[in-house]
Amino acid sequence: MGARVGRMFRNFNLENRVHRELAKEKPRMAPRHPANLPPTAANPEGERPGAPLAGYTTADAVNQKNDPLLAALRSVYVESTDPVAAAAEDSKSVTTGKETGRRPLKFSFPGDMFGVVELTDVPKGKLTIVEAMKALGGHQHQPQTWTPEKIAQEYCLDLKDTKAVLEFFVPFKVEIIPPKSGTGKQIKAS
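Residues numbered from 1 in each chain as written. Predicted model: local features only at pLDDT ≥ 70, side-chain atom pairs only at ≥ 80, totals over all residues. Heavy atoms only, no water.

As recorded by an unreviewed UniProt entry, the protein carries the name NADH dehydrogenase [ubiquinone] 1 alpha subcomplex assembly factor 4 and is attributed to Amphiprion ocellaris. Taken verbatim from the UniProt record of the protein, the Subunit (unreviewed entry) comment is "Binds calmodulin. Interacts with NDUFAF3." Recorded in UniProt for the protein, the comment headed Sequence similarities (unreviewed entry) runs: "Belongs to the NDUFAF4 family." (UniProt positions renumbered as here; feature names shortened; annotations may be inferred.)

Laid out in structure tokens, this is it:
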């Protein structure tokens, strides 16, 4: 409903507002300063101090051929490359350099779970989801055994990244709380 009211106010008296806007006098272009005007046959220096522009219009200046400027423009040669393509080539060389060192998987899904293609190895410095969950769970349950240094060495990771992952990513911890008393009411199957 709010859109209808808004549209009603927006379109109210639209034709009259358009005609009023079109009827307004358009702003004129500011006059050029006499020092910036190009020279003409009557005044070769190009200076017109206070004199009216006799036979000179802006369209003439735009369409006039300027030979020295054209010659200078022809002598310029610009060679450009796409910065995105150059960055992509650099990143490709970096990724191919990193992927040369691969390591075999430590853990994987049992069978063909979730229709995921079974991986046999991963690049050094990367983890699969299963390996990440195993490492995080191992550190959560046995922090003295699974230290950040051991996890970094085991999975070929940076120590700084491993410490950050262990600090900021924590797997779910399920706690089962027993009932307070055995005499509580229970719903029986009927």
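S.K.: Sorry if this is basic, but what is going on with the overall build of the protein here?
M.R.: Regarding its fold elements, the protein presents eight helices and two strands. Shown N-terminal to C-terminal, the secondary structure of the protein runs as helices and strands in the order α-α-α-α-α-β-β-α-α-α. A buried classification covers 13% of the 190 residues belonging to the protein. Sequence separation of at least 24 residues holds for 36% of the intrachain contacts in the protein that already meet a minimum separation of 6. Carbon and sulfur atoms make up 60% of the accessible area of the protein, which amounts to about 16,900 Å² in all. (Helix = DSSP H or I, 4+ residues; strand = E, 2+ residues; numbered from the N terminus. Buried < 20%, exposed > 50% of the residue type's maximum accessible area, 1.4 Å probe, protein only. Contact = heavy atoms within 4.5 Å. Areas by Shrake-Rupley, 256 points an atom, 1.4 Å probe, with all protein chains shown as cover.)

S.K.: I keep staring at the pattern of salt bridges and nothing clicks. Help me out?
M.R.: When their charged atoms lie close together, side chains carrying opposite charge are able to pair. Evaluation of the coordinates by the stated rule reveals three salt bridges. Close ionic contact of Arg102 with Asp121 constitutes a salt bridge, the shortest N to O distance being 3.0 Å. Taken together, the residues span a long stretch of sequence, with Arg102 in strand E1 (residues 102-104) and Asp121 in strand E2 (residues 121-123) at a distance of 19 residues. Given the relative accessible area of 37%, Arg102 is considered partly exposed. Take Asp121: its relative accessible area is 27%, and that puts it in the partly exposed class. Where Arg103 meets Glu131, a salt bridge forms, and the shortest distance between an N and an O atom there is 2.8 Å. Separated by 28 residues along the polypeptide, Arg103 in strand E1 and Glu131 in helix H6 (residues 129-141) bring together distant segments of the chain. Comparing Arg103 with Glu131 shows no difference in burial state: the two are buried. (Salt bridge = Lys/Arg side-chain N within 4 Å of Asp/Glu carboxyl O.)

S.K.: How do you make sense of a nonpolar patch on the surface when you look at a structure like this?
M.R.: A contiguous nonpolar patch, built from Val5, Met8 and Phe9 and spanning about 330 Å² of accessible area, is present on the exposed surface. By secondary structure assignment, the location of Val5 is in helix H1 (residues 2-11). Val5 sits in the partly exposed class, given a relative accessible area of 35%. (Patch = residues over 30% accessible without salt bridge, like charges linked within 9 Å, V, L, I, M, F, W, Y side chains within 5 Å.)

S.K.: Looking at this structure, how should I read H1?
M.R.: In an α-helix, one turn spans 3.6 residues; hence positions three or four apart end up facing the same way. The buried count for H1 comes to zero of ten residues, which makes it a mostly uncovered element. One or two residues past the end of H1 sits Asn13, with phi positive at roughly 55 degrees.

S.K.: Can you help me understand the nonpolar core in this one?
M.R.: Most often, soluble globular proteins keep nonpolar side chains buried together rather than apart. Core analysis: the biggest nonpolar cluster contains seven residues, these being Ala135, Leu136, Trp146, Ile151, Tyr155, Leu157 and Leu166. Elements that contribute at least two residues to this core include exactly H6 and helix H7 (148-155). If we ignore the near neighbours within four places in the chain, the residues touching Leu136 are Val165, Leu166, Phe169 and Pro171. (Core = buried A, V, L, I, M, F, W, Y, C linked by side-chain atoms within 4.5 Å.)

S.K.: What exactly am I supposed to notice about the packing of aromatic side chains here?
M.R.: The geometry of an aromatic ring pair comes down to the distance between the two centres and the angle between the two planes. What the rule picks out here adds up to zero aromatic pairs. Above the plane of the ring of Trp146 lies Lys150, whose end atom (NZ or CZ) is 4.5 Å from the centre. (Phe/Tyr/Trp six-rings, centres within 6.5 Å; stacked < 30°, edge-to-face > 60°. Lys NZ or Arg CZ within 6 Å of the ring centre and 35° of its normal.)

S.K.: I keep staring at the packing of H7 against helix H8 (residues 159-168) and nothing clicks. Help me out?
M.R.: Angle between the axes and distance between the axes: these two values describe a pair of packed helices. Packing of H7 against H8 leaves a shortest axis separation of 9 Å and a crossing angle of 120 degrees. Overall, the two elements H7 and H8 adopt an arrangement that is oblique. Every pair of crossing elements has a handedness; the one defined by H7 and H8 is right-handed. Contacts from Pro148, Glu149, Ile151 and Ala152 of H7 reach H8 at Leu159, Thr162, Lys163 and Leu166. When the residues that make up the contact of H7 with H8 are grouped by side-chain class, the tally is five nonpolar, one polar and two charged. (Axes fitted to C-alpha atoms, helices over the stretch in contact; angles between N-to-C directions. Parallel < 35°, antiparallel > 145°, perpendicular 65-115°, else oblique. Left-handed = near helix turned anticlockwise from the far one by under 90°. Nonpolar A, V, L, I, M, F, W, Y, C, P; charged D, E, K, R; others polar.)

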